[in-house]
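# Architecture at a glance
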Amino acid sequence: MFLRLAQQHRQFVQDLVMNLQALAIVLERRGYPASCYTCGDQMNSASFMVSLGENHLIRFLVSDYGITWTEMRDDRELMKLEGAEAVNQLQELANIVKHPPIEACTNAKALAKRC
């Protein structure tokens, strides 16, 4: 049972890394400076970052050890989430991609106001 769960977790992390890479590409195309770095070709960890505006940065880290969402403004940490809550917040960021660029700016401001 535990081997099966470990394999499912690895697959989840790989899926999440692939989605982060795609999200970074789409956000870049929408005008948001974004990046997603991975180590090696096994896709077992990633560092995702995006700037939502002046001095407003999101960092999302995923690995076999855990998942964290950190939101910073003016070099100060506003919010740090882990696990499922971090993934939920990532979904809110991904929702920006679903709207035209003008609405994306509004959504980014709404996301920032939540903090």
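Structural data are supplied above this passage.
Heads up: these notes are all about the structure in this document. In this text the structure is predicted, and so the values were computed from the model without any measurement.

Further remarks concern the overall build of the protein chain. Counting its regular elements, the protein chain contains three helices and five strands. Reading the protein chain from its N terminus to its C terminus gives the helix and strand order α-β-β-β-β-β-α-α. By residue count, 36% of the 115 residues in the protein chain fall in the buried class. Sequence separation of 24 or more characterises 37% of the internal contacts of the protein chain that already satisfy a separation of 6 or more. Carbon together with sulfur atoms contributes 54% to the accessible area of the protein chain, which is approximately 7300 Å² in total.

This next bit is on helix α2 (residues 83-97). Its 15 residues place the ends of α2 22 Å apart at the C-alpha level, agreeing with the 21 Å of an ideal helix rising 1.5 Å per residue. If you check which residues of α2 are buried, you get A86, Q89, L90, L93, A94, I96 and V97. Viewed end-on, α2 has its buried residues packed into an arc of 155 degrees, placing them on one side of the element.

With that settled, consider the sheet that holds strand β2 (residues 45-53). Here five strands make up an open sheet; going across it, the order is β1-β2-β3-β4-β5 and the pairing antiparallel. This sheet does not close on itself; its edge strands, each paired only once, are β1 (34-38) and β5 (76-82). Looking at each pair of strands side by side, their axes are set apart by 15 degrees on average, direction ignored. Pairing geometry for β1 and β2, over five bridges, is antiparallel. Within β2, the position partnered with A34 by the bridge is V50.

Calculation notes
Residues numbered from 1 in each chain as written. Predicted model: local features only at pLDDT ≥ 70, side-chain atom pairs only at ≥ 80, totals over all residues. Heavy atoms only, no water. Helix = DSSP H or I, 4+ residues; strand = E, 2+ residues; numbered from the N terminus. Buried < 20%, exposed > 50% of the residue type's maximum accessible area, 1.4 Å probe, protein only. Contact = heavy atoms within 4.5 Å. Areas by Shrake-Rupley, 256 points an atom, 1.4 Å probe, with all protein chains shown as cover. Expected span 1.5 Å × (residues − 1). Arc of directions from axis to C-beta. Pairing = 2+ DSSP bridges. Axes fitted to C-alpha atoms, helices over the stretch in contact; angles between N-to-C directions.

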